[in-house]
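# Chain and residue survey
What follows is the residue order along each chain.
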Amino acid sequence: VYRYAEVPGTVFNNSTSAGARGGWRYGLSERSTLGFAVSFDWFAYDLGADVVAESLVLTGSHTLGRYTGLTYDAGVTRSTSDGLSTTSGTVLLSFERELREDSDLSFGVRQFVTPGTGLQGATSNSGTWISYTQSSPRNGLDCRLLGAYWYNREPQFGDPSGKDTETLNLAGSLGWRFHRFLPL
């Protein structure tokens, strides 16, 4: 459920969403999997028609080395609203790397259909991210950093008047673990 605070001069489109994904993967080897997945997402809006997004993807994973893994999805999404449909690509390419016992690095690219940014209805989001996490297994410093860029484009259901938006997100957190059950 996405509910936006009122801002003078801006009308936000509150939404409710639900989704499900099911799939099957086969272990090609000790290091690789390959399979198919189907997902179904429903987005309901206060302003405008509901959107249903159905995706079919080829999905898998591969261990590149002892500390490095790759996860991927590649497929197609069909979005339908008020009897009109549009098709877009669905992509996920994610790398995860354990740098040390207490730190991880991940980065990737993704394109998928979401409930939107609140300015209109559903959007097709394309973007990239990088994140770094360090967490002390005992007492010590905890640190998380995240950077992401997203381009959000409204699916064209016969009306090309949608608003495209771009976001750059930079976030971080810093903490200290005093005890196993007492972090700050």
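Because the structure is predicted, anything quoted here is derived from the model rather than measured. (Residues numbered from 1 in each chain as written. Predicted model: local features only at pLDDT ≥ 70, side-chain atom pairs only at ≥ 80, totals over all residues. Heavy atoms only, no water.)

So, on to unusual backbone geometry. Located in the positive-phi region is Asp-82, a residue other than glycine, with phi close to 55 degrees. Positionally, Asp-82 belongs in the loop between β4 (68-81) and β5 (84-100). (Helix = DSSP H or I, 4+ residues; strand = E, 2+ residues; numbered from the N terminus.)

With that settled, consider the nonpolar core. One broad rule of soluble globular proteins: the nonpolar side chains tend to lie buried together. Counting residues in each nonpolar core, the largest one holds 7 residues, listed as Phe-43, Tyr-45, Val-51, Ala-53, Val-113, Ala-122 and Phe-157. With near-sequence residues (within four places) excluded, Ala-122 lies in contact with Phe-43, Tyr-45, Val-51, Val-113, Thr-114, Pro-115, Gly-116, Glu-154 and Pro-155. (Core = buried A, V, L, I, M, F, W, Y, C linked by side-chain atoms within 4.5 Å. Buried < 20%, exposed > 50% of the residue type's maximum accessible area, 1.4 Å probe, protein only. Contact = heavy atoms within 4.5 Å.)

Pairing geometry for strand β6 (residues 103-114) and strand β7 (residues 123-135), over 12 bridges, is antiparallel. Each residue of the ladder has a partner; that of Gln-111, found in β7, is Ser-126. Pairing of β7 with strand β8 (residues 140-153) involves 12 bridges; the strand directions are antiparallel. Bridging from a neighbouring strand, Ser-126 pairs with Tyr-151 of β8. Here β7 folds back onto β8 in antiparallel fashion, the turn holding 4 residues. (Pairing = 2+ DSSP bridges.)

Our focus in this paragraph is the side chain of Thr-59. Following the sequence through the fold, Thr-59 ends up in strand β3 (residues 51-65). When its relative accessible area of 3% is taken as the criterion, Thr-59 is described as buried. Here the side chain of Thr-59 touches Arg-25 through a polar contact of 3.1 Å, side chain to side chain. At 2.6 Å, the side chain of Thr-59 forms a polar contact with the side chain of Asp-73. Setting aside its immediate chain neighbours within four residues, Thr-59 contacts Arg-21, Arg-25, Thr-33, Leu-34, Gly-35, Phe-36, Ala-37, Tyr-72 and Asp-73. (Polar contact = N/O pair within 3.5 Å; in protein donor to acceptor, adjacent residues only side chain to side chain.)

As defined by bridge partners, strand β1 (residues 15-27) adjoins strand β2 (residues 32-45) across 13 bridges and the pair is classed as antiparallel. Residue Ala-18 lies in a different strand from β2, and its bridge partner there is Trp-42. Judged from the 12 bridges that link them, β2 and β3 form a sheet pairing that is antiparallel. Of the residues in β3, the one forming a bridge with Leu-34 is Gly-60. Here β2 hands over to β3 after 5 residues, with Gly-48 in that stretch at a positive phi of 105 degrees.

This brings us to the environment of Tyr-72. Looking at where Tyr-72 falls in the secondary structure, it is placed in strand β4. Of the residues examined, Tyr-72 reaches a relative accessible area of 21% and is grouped as partly exposed. Tyr-72 sits 23 residues away from Phe-95 along the chain, and the two C-alpha atoms are 8.9 Å apart. Side-chain polar atoms of Tyr-72 contact the backbone oxygen of Thr-33, separated by 3.4 Å.

Another point: the pattern of salt bridges. Under the definition given, this model contains 3 salt bridges. Measuring nitrogen to oxygen at the nearest pair gives 3.2 Å for the salt bridge that ties Asp-102 to Arg-100. By relative accessible area, Arg-100 is classed as partly exposed at 48%. The partner of Arg-177 in a salt bridge is Asp-142, with the nearest N and O atoms 3.5 Å apart. Here Asp-142 lies in strand β8 and Arg-177 lies in strand β9 (residues 165-179), a separation of 35 residues in the sequence. (Salt bridge = Lys/Arg side-chain N within 4 Å of Asp/Glu carboxyl O.)

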